[in-house]
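Below, each chain spelled out in residue letters.
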Amino acid sequence: MSTGHSELHTKHEQITKYIESLPVGTKLSVRQIAQDLDVSEGTAYRAIKEAENIGLVSTKRRIGTIRMEKKEEPVIDKLTFAEIVHVVEGVVLGGASGIHKTLNKFVIGAMQLEAMLKYIEVGNLLIVGNRVQAHMCALSQGAGVLITGGFDTTPEVKELADELNLPIIGSSFDTFTVATMINRAMEDRLIKKKIMSVEDIVRSDSPVYSLVAGQTVKDMQKLVEETTHTRYPVVDEHRVPIGMITTKDIIGAPPNQAVGALMTPNPLMISLKTSVASAGHMMVWEGIELLPVINGERQMVGVISRKDVMKAMQYMQRQPQNAETFEVQIYAGIEEMRDSEGKLYFKGSISPQMTNFEGLVSEGVLTTLMIRAAYRTVQEQKKGDLILDSSSSYFLIPLQIDDVIEIVPTIVEMSRRFCKIDMEIVTNGTRVARSMFTARIL
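Here is a short report on the structure shown in this document. Nothing here was measured: the structure is a model prediction, and the numbers come from that model.

Quick word on the packing of aromatic side chains
Step number 1: Evaluated as defined, the whole model comprises 0 aromatic pairs.
Step number 2: Above the ring of Y375, the side-chain terminus of R372 is found at 4.7 Å from the ring centroid.

In structure tokens:
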């Protein structure tokens, strides 16, 4: 058994190295990789999924799986001075060696110098115009400087910036525009930070139970008695998952039978950086209850269950919005209402932000409103999240700014794991849009 597992491990490594050798932008297919490397399509599929988890490839609808440039994980909490240069389309005037330092807050220098100095601390960024003395004082207090309005500064200030390794950045934008641009960049970071990843929920305070292929059914039965768990990853000598085994797999098997002969090989795995939502979707689509979590060397560092994912997603839904996505902003003006029979519907008015360049409401916005209403309708009936399978939408009459709309849901079918919802948008008693959604319930 061990020889076969080593070969499988080698095949996965071979496919990963092959994918890494491809130019960025190359389109991949399971069949092509299976043919090129003389492996089964099942092995090729699992290897591509792993490559996607570690950021080597990305699968996009209607395009397929594409070789991507593997990016280093950014620090989300703080912006660096280099990122500020990019955000404000600026240039580095001095202190270039400190460009990769992070800043903790920015201060707008729109006051007298003496008052300004009270607010400047180490690690700040002073945003100010053509005020050389302010530039010098900020650097002396350990802060970087962003000079707005396209102004330069003196050679003495640049020399001090180089000496202290504190960047001076120049931008042609005015102070208000620069502050707005930086605020937007920070808000984008907050949105990314709010998205929970597997790393946030995988348990680090309890042991991770697993088996190796050579262990027997008797060994597994003993582990079940000790842990009360019903399924386990099977790993090789390098802690790389090579299979999954459950208590159902060993029913009727002799006690001395090796678990490697009974396991389901080629398990799906996820990385620490995978989003919780992606993990949940994978579990639903593949019909699995437990996923091994791996590091960059494909070694198992933990496991997550469907129960872990559901708890995390319910927790995320209860959290306040620290930074609003476009979807949240679009849906913000929609209120939940009840008709005379207590049935849920939604009401709101069309805002200018919802329109397209022609002044009419964007069909994409209307679809978003109906999808959010569908999610809320299901949540009233069942706890859980939705994975949208398909939708068919019809847009009958164009809407304009300030039109008052009602979004009326009708549940056509609902089971423990599946739902079908008919959704229509009405204004002044006239139907303007209609959609049919089918979705799975997580």
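Description of the sheet that holds strand β15 (residues 300–305)
Step number 1: Spatially, 3 strands are ordered β13-β14-β15 in an open sheet, and the strand pairing comes out mixed. The sheet terminates laterally at β13 (270–271) and β15, the two strands that pair on one side only.
Step number 2: As defined by bridge partners, strand β14 (residues 290–294) adjoins β15 across 5 bridges and the pair is classed as antiparallel. Bridged to P292 within β15 is V303.
Step number 3: Running at roughly 135 degrees to β14, helix α11 (residues 276–286) makes contact with β13, β14 and β15 of the sheet.

Details of the side chain of T438
Step number 1: Of note, T438 is situated in strand β21 (residues 430–441).
Step number 2: A distance of 2.6 Å separates polar atoms of two side chains, one belonging to T438 and the other to S390.
Step number 3: For T438, the contacting residues outside a window of four places in its chain are L388, D389, S390, F418, C419 and K420.

Quick word on a nonpolar patch on the surface
Step number 1: Taken together, the side chains of Y394, L396 and I397 define a hydrophobic patch exposed on the protein surface, amounting to about 320 Å² of accessible area.
Step number 2: Mapping I397 onto the fold places it in the loop between β18 (386–395) and β19 (404–414).

Comments concerning the packing of helix α6 (residues 132–140) against helix α7 (residues 155–164)
Step number 1: Viewed as axis vectors pointing N to C, α6 and α7 meet at an angle of 15 degrees, and their least axial separation amounts to 10 Å. By the angle between their axes, α6 is roughly parallel relative to α7. Crossing geometry of α6 relative to α7 is assigned as left-handed. Where α6 abuts α7, its residues V132, H135, M136, L139 and S140 lie against E156, V157, L160, A161 and L164.
Step number 2: For the contact of α6 with α7, the per-class residue count stands at 7 nonpolar, 2 polar and 1 charged.

Details of the sheet that holds β19
Step number 1: Across the sheet, which stays open at both edges, the 6 strands sit in the order β16-β17-β19-β20-β21-β18 with antiparallel pairing between neighbours. On the outer flanks of this sheet lie β16 (335–338) and β18, each paired with one strand and no other. Averaged over all pairs of adjacent strands, the angle between their axes in this sheet comes to 25 degrees, without regard to strand direction.
Step number 2: Each of β18 and β21 touches α11; the most contacted strand, β18, lies at about 90 degrees to it.
Step number 3: Lying on the sheet, helix α14 (residues 363–381) is in contact with β16, β17 (344–349), β18, β19, β20 (418–427) and β21; it crosses β18 at an angle near 135 degrees.

Reading the values: rules and limits
- Residues numbered from 1 in each chain as written.
- Predicted model: local features only at pLDDT ≥ 70, side-chain atom pairs only at ≥ 80, totals over all residues.
- Heavy atoms only, no water.
- Phe/Tyr/Trp six-rings, centres within 6.5 Å; stacked < 30°, edge-to-face > 60°.
- Lys NZ or Arg CZ within 6 Å of the ring centre and 35° of its normal.
- Pairing = 2+ DSSP bridges.
- Helix = DSSP H or I, 4+ residues; strand = E, 2+ residues; numbered from the N terminus.
- Contact = heavy atoms within 4.5 Å.
- Axes fitted to C-alpha atoms, helices over the stretch in contact; angles between N-to-C directions.
- Polar contact = N/O pair within 3.5 Å; in protein donor to acceptor, adjacent residues only side chain to side chain.
- Patch = residues over 30% accessible without salt bridge, like charges linked within 9 Å, V, L, I, M, F, W, Y side chains within 5 Å.
- Areas by Shrake-Rupley, 256 points an atom, 1.4 Å probe, with all protein chains shown as cover.
- Salt bridge = Lys/Arg side-chain N within 4 Å of Asp/Glu carboxyl O.
- Parallel < 35°, antiparallel > 145°, perpendicular 65-115°, else oblique.
- Left-handed = near helix turned anticlockwise from the far one by under 90°.
- Nonpolar A, V, L, I, M, F, W, Y, C, P; charged D, E, K, R; others polar.

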